[in-house]
Amino acid sequence: MIAKLSLVTTAALIAAGLIHLLPLAGVLGAEKLSALYGITIAGPDLTILMRHRALLFGLIGAFCLAAAFHEPLQWAALLMALTSVLAFLALAWGTGGYNGAIARVVTADVVAAVLLLAGIAARVWR
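Residues numbered from 1 in each chain as written. Predicted model: local features only at pLDDT ≥ 70, side-chain atom pairs only at ≥ 80, totals over all residues. Heavy atoms only, no water.

## Some points on the environment of His20
Heads up, the rule is: A helix here means a DSSP run of H or I that spans at least four residues, while a strand means a run of E at least two residues long, and both kinds are numbered starting from the N terminus. We call two residues in contact whenever any of their non-hydrogen atoms come within 4.5 Å of each other. Polar contacts, as used here, are pairs of N or O atoms within 3.5 Å; protein pairs need one atom able to donate a hydrogen and one able to accept it. Residues neighboring in sequence count only if both atoms are side-chain atoms.
Of note, His20 is situated in helix 1 (residues 2–21). For the pair formed by His20 and Gln74, sequence separation is 54 residues and the distance between their alpha carbons is 16 Å. Apart from the residues lying within four places of it in its own chain, the contact partners of His20 are Phe57, Gly58, Ile60, Gly61, Ala81, Ser84 and Val85. A polar side-chain atom of His20 sits 3.0 Å from a polar atom in the side chain of Ser84.

Right, here's the structure in full:
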């Protein structure tokens, strides 16, 4: 039973890690960011901010993947990733009117939140 619960947490962290790694391509520049989010990245200031955002998501993704296989890091990774996706969902739903590309991010974050909550429940249960 404990092994199965451990597998749930590991799977949740791998999925959340991969979801958080998707925006990392945005580090490559404004064109990649525009493709990811369906928006025009106007000017170097916004490009810098969005590329930095992509890098931070990459760090969260890498941390989740590392934690999936290193149990002492799992609580921190689960809580960090859940905070990330819930914050984005709150901002998106609170703002509304987003495009189709952002709607796909919302969907991915809903999936990530469900998986992360399952991973947290598995950690608590065992």
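So that's the structure; there's more coming.
## A short note on the pattern of salt bridges
Test applied: A pair is scored as a salt bridge if a Lys or Arg side-chain nitrogen falls within 4 Å of a carboxyl oxygen belonging to Asp or Glu. Burial classes follow relative accessibility: with a 1.4 Å probe on protein chains only, a residue under 20% of its type's maximum area counts as buried, one over 50% as exposed, and anything between as partly exposed.
Taken as a whole and assessed by the stated rule, the structure comprises one salt bridge. Put simply, Glu71 and Arg123 hold a salt bridge, and the shortest N to O gap is 3.4 Å. With Glu71 in the loop between helix 3 (43–68) and helix 4 (74–95) and Arg123 in helix 5 (residues 100–125), this pair connects stretches of sequence that are 52 residues apart. Its relative accessible area of 43% is what places Glu71 among the partly exposed residues.

## Notes on a nonpolar patch on the surface
Rule in force here: Patches in this entry comprise residues that are over 30% relatively accessible and not in a salt bridge; like charges within 9 Å are linked, as are nonpolar side chains (Val, Leu, Ile, Met, Phe, Trp, Tyr) within 5 Å. Accessible surface area values rest on a Shrake-Rupley calculation with a 1.4 Å probe, where residue burial reflects the displayed protein chains alone.
A contiguous nonpolar patch, built from Leu24, Leu55, Leu56 and Leu59 and spanning about 330 Å² of accessible area, is present on the exposed surface. By the secondary structure assignment, Leu24 is in the loop between helix 1 and helix 2 (30–37). Residue classification places Leu24 among the partly exposed positions, given a relative accessible area of 33%.

## Quick look at helix 3
Applied cut-off: Take the number of residues in a helix, subtract one, and multiply by 1.5 Å to get its expected span.
The end-to-end C-alpha distance of helix 3, which contains 26 residues, comes to 38 Å, matching closely the 38 Å that a straight helix rising 1.5 Å per residue would cover. Restricting attention to buried positions, one finds in helix 3 the residues Thr47, Met50, Ala54, Phe57, Gly58, Ile60, Gly61, Cys64, Ala67 and Ala68.

## So, the nonpolar core
Using the following cut-off: The term nonpolar core refers to a set of buried residues drawn from Ala, Val, Leu, Ile, Met, Phe, Trp, Tyr and Cys, joined through side-chain atoms within 4.5 Å.
Ranked by size, the top nonpolar core spans 16 residues in total, and within it Leu13, Cys64, Leu82, Val85 and Leu116 carry the most contacts. Contributing elements (two or more residues each) for this core: helix 1, helix 3, helix 4 and helix 5. In terms of residues, this core owes the most to one element, helix 4, which gives five residues. With near-sequence residues (within four places) excluded, Val85 lies in contact with His20, Asp109, Ala112, Ala113 and Leu116. Counting residues in each nonpolar core, the second largest holds ten residues, with Leu33, Leu89, Ile102 and Val106 among its members.

## Description of the confidence of the model for the protein chain
Note the following rule: Each residue gets a pLDDT score, which is the predictor's confidence in that residue and runs from 0 to 100.
This prediction gives the protein chain a mean pLDDT of 96; 98% of its residues lie at or above 70. Across the protein chain, helix 4 holds the top mean pLDDT of 98, while helix 1 sits lowest at 93.

## Some remarks on the side chain of Asp109
Quick note on the threshold: For the charge count, each Lys or Arg is scored as positive and each Asp or Glu as negative, with His and the chain ends excluded.
With respect to the helices and strands, Asp109 occurs in helix 5. Buried charged residue Asp109 carries no salt bridge. Nearest counter-charge: Arg53, at 6.6 Å. Setting aside chain neighbours within four positions, we find Asp109 in contact with Ile19, Val85, Phe88 and Leu89.

## Observations regarding the packing of helix 2 against helix 3
Short version of the rule: Axis geometry follows a simple rule: fit a line to the C-alpha atoms, using only the stretch in contact for helices, then measure angles between N-to-C directions, giving values from 0 to 180 degrees. Here the angle decides the label: under 35 degrees means roughly parallel, over 145 means roughly antiparallel, 65 to 115 means roughly perpendicular, and every other value means oblique. By definition, any crossing whose near helix is turned counterclockwise from its far helix by less than a right angle is left-handed, and any crossing with a clockwise turn is right-handed. For this classification, Asp, Glu, Lys and Arg are treated as charged, while Ala, Val, Leu, Ile, Met, Phe, Trp, Tyr, Cys and Pro are nonpolar and the rest, including Gly, are polar.
At a minimum axis separation of 10 Å, helix 2 and helix 3 run at an interaxial angle of 70°. Judged on the interaxial angle alone, helix 3 and helix 2 are roughly perpendicular. Our pair here, helix 2 against helix 3, has a crossing hand that is left-handed. Contacts between helix 2 and helix 3 involve Ala30, Leu33 and Tyr37 on the former and, on the latter, Thr47, Met50, Arg51 and Arg53. The residue makeup of the contact of helix 2 with helix 3, split by class, is four nonpolar, one polar and two charged.

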